[in-house]
Amino acid sequence: MPGKWDWLMESLKDKGLRTKYSLIFKFIGKKISGADDITKCALCPNMCRHACPVSIVDGKETTSPAGKARIALFINKKVIDLNLDNIYPLYMCLSCDACTQWCPFEFSVADLIRPLKEEAVKKGLIPNEIRDVFDKLESSGNIYGRRIKEPSENKRGNVLFLRGCEIIENFPELADKSIALLKKLGYEPFTLENEKCCGMPAYNLGNIDLFKKLAKENAKIINSLNVSLVITSCPSCAYAYRVLYKKFGINLKPKVLHITEALRENLKEKLVAHESLEVTYHDPCKLAISLNEPDLLRSILEKIEGVSVKAPRRHGKNTFCCGYGGSAISRLNPKLANEIAKERISELKEEANVIITACPTCKKALSKVNSDITVLDIIEFLNQFI
Ligand code: SF4
Ligand code: SF4
């Protein structure tokens, strides 16, 4: 894919260095210096909309990146009210940060509009579907509000494996497979009997108090275990435990790895497929963008002899969210979430009939909208070869 500044460089290619610098400076900085970030974004001609999955599939001005910033600005300036109708488009965001990759200011629209969601949560001006997530998290510590299913083995070892709500609820077999894989890599993993949500959905949906409550409870339990390493198969959990907790001053003593990072550190042996196989892959946004690992999934797949890895058009930091990121669209507008997943599948299908990802939520979203294609988590795929 072309880079963020290619078009600008192309248009300035015949100009001298001084002219180039002066034009670029005027373009990205001086003209609107002094304005706050939300105003800059609201005034922008939507320069990232071509990368925003919501904008591409929904096709509406209000749910485009700058469109959301304009609504947020109008609410801030009291031009329009903060109410259920006006907060709804702000929840039409996947928190994928695809916009950030193309923004001249490197803004994350998800971050810019989060304060408005926080205010809406505090005033109770949120849709019932969002309130339901908070109620479930409050009452059970799990986004689905159900009792945790235990994996088959749970002897105390030296590495805490955290499953995350999605695996606990929808893919308990992925927990068993992750544990089996970690054992093959030489770890002694164990799980928490009463594992709670990392808090990421509460953060995305604007309930920062609930996020902090869950984060503090988790940190207290995890720090008391005296383990030096936590591994999870969910990139959102890895991002929350490693990055978000720190951002909120919540100290988690053990190092935190996504399972693909553990594989990079410990997968030494050469892997061989019994028969040649063509696969493509879907980079989860939280792994490729937020955890800054744009090449990790592909590099692991390329270690398997006999597996031909076909890159989709949008990959690495230019990946395209599965439609279920951010915890809001799949609940408030499942039709749109599924349309985004279909858009992604249609692109992946051009490359191969087997799609490998590294996130249980992506696996759920992509499998849901297509039955004639195989979507596997890297864990279940690798277990065949190790
Ligand atoms: S995030 Fe950046 S590129 Fe996208 S609309 Fe806002 S200012 Fe423009
Ligand atoms: S975070 Fe993702 S869904 Fe939200 S505005 Fe940016 S690109 Fe669009």
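The shown structure was predicted, so the numbers you read here are calculated from the model rather than taken from an experiment.

### Examining the overall build of the protein
For the protein, the count of helices and strands is 20 helices and eight strands. Rg of the C-alpha trace for the protein: 22 Å, near the compact-globule value of 21 Å for 386 residues, within the 12% margin. C-alpha atoms of the protein, sized along the principal axes, occupy 60 × 50 × 40 Å. Counting contacts in the protein only where the partners sit at least 6 residues apart, residues at least 24 apart contribute 72% of the total.

### Examining the site of ligand 2
Neighbouring ligand 2 are 13 residues, the closest being Cys52, Cys93, Cys96, Cys99 and Val109. The set of elements that each furnish at least two residues to the shell around ligand 2 consists of α4 (53-58) and α7 (109-123). Grouping the constituent residues of the shell around ligand 2 by class yields 11 nonpolar, one polar and one charged.

### Some remarks on unusual backbone geometry
Backbone geometry places Ser95, a non-glycine residue, at a positive phi of 50°. Turning to its location among the elements, Ser95 is positioned in the loop between α6 (84-87) and α7. Although it is not a glycine, Ser327 adopts a positive phi angle of roughly 65°. Mapping Ser327 onto the fold places it in the loop between β6 (304-310) and α17 (329-332). Overall, Ser327 belongs to the buried group, with 23 C-beta atoms counted inside 10 Å.

### Some points on the site of ligand 1
Around ligand 1 sit 15 residues in total, of which Cys41, Cys44, Cys48, Ala66 and Cys103 are the nearest. By residue number, the principal contributor to the shell around ligand 1 is helix α5 (residues 65-76), which donates three residues. Split into classes, the residues belonging to the shell around ligand 1 amount to 13 nonpolar, one polar and one charged.

### Here we look at the pairing of strand β5 (residues 271-281)
In this sheet, β6 lies alongside β5 in parallel orientation, the contact comprising six bridges. Its bridge partner being in β6, Val272 is matched across the sheet by Glu305. Sheet analysis places β5 next to strand β7 (residues 354-357), joined by two bridges and oriented parallel. Within β7, the position partnered with Tyr281 by the bridge is Ile356.

### Overview of the pairing of strand β8 (residues 374-377)
Two faces, one strand: in a regular strand the side chains alternate between the faces of the sheet. Residues Val375 and Asp377 of β8 are buried on one face, while the alternating residues Thr374 and Leu376, pointing to the opposite face, are not. Of the strand pairs in this sheet, β7 and β8 are connected by four bridges, and their pairing is parallel. Bridge pairing links Val354 to Thr374 in β8. With respect to chirality, the unit in which β7 leads through helix α19 (residues 360-368) into the neighbouring parallel β8 is right-handed.

### Quick look at the domain arrangement of the protein
Domain parsing of the protein yields domain 1 (34-123), domain 2 (159-263) and domain 3 (270-383). When each unit is reduced to the centre of its C-alpha atoms, the spacing between domain 2 and domain 3 is 21 Å. Counting residues at the interface gives 23 residues for domain 2, matched by 22 residues for domain 3. With five residues, helix α10 (residues 172-184) is the single largest residue contributor to the side of domain 2 that touches domain 3. For the side of domain 2 that touches domain 3, the residue count by class is 13 nonpolar, eight polar and two charged.

### Description of the sheet that holds β6
Here four strands make up an open sheet; going across it, the order is β6-β5-β7-β8 and the pairing parallel. Strands with a single pairing partner mark the edges of an open sheet, and in this sheet they are β6 and β8. Strand-to-strand twist in this sheet, taken as the mean axis angle between neighbours without regard to direction, amounts to 40°. Sheet contacts for α19: β7 and β8; angle to β8, the most-contacted strand, approximately 175°.

Cut-offs used in this document
Residues numbered from 1 in each chain as written. Chains lettered and ligands numbered in written order. Predicted model: local features only at pLDDT ≥ 70, side-chain atom pairs only at ≥ 80, totals over all residues. Helix = DSSP H or I, 4+ residues; strand = E, 2+ residues; numbered from the N terminus. Rg over C-alpha atoms; globule rule 2.2 N^0.38 Å. Contact = placed C-beta atoms within 7 Å. Near = placed C-beta within 6 Å. Nonpolar A, V, L, I, M, F, W, Y, C, P; charged D, E, K, R; others polar. Buried ≥ 20, exposed ≤ 12 C-beta atoms within 10 Å, placed from the backbone. Pairing = 2+ DSSP bridges. Right-handed = clockwise from strand over helix to strand, strands pointing away. Domains from an automatic or database assignment. Axes fitted to C-alpha atoms, helices over the stretch in contact; angles between N-to-C directions.

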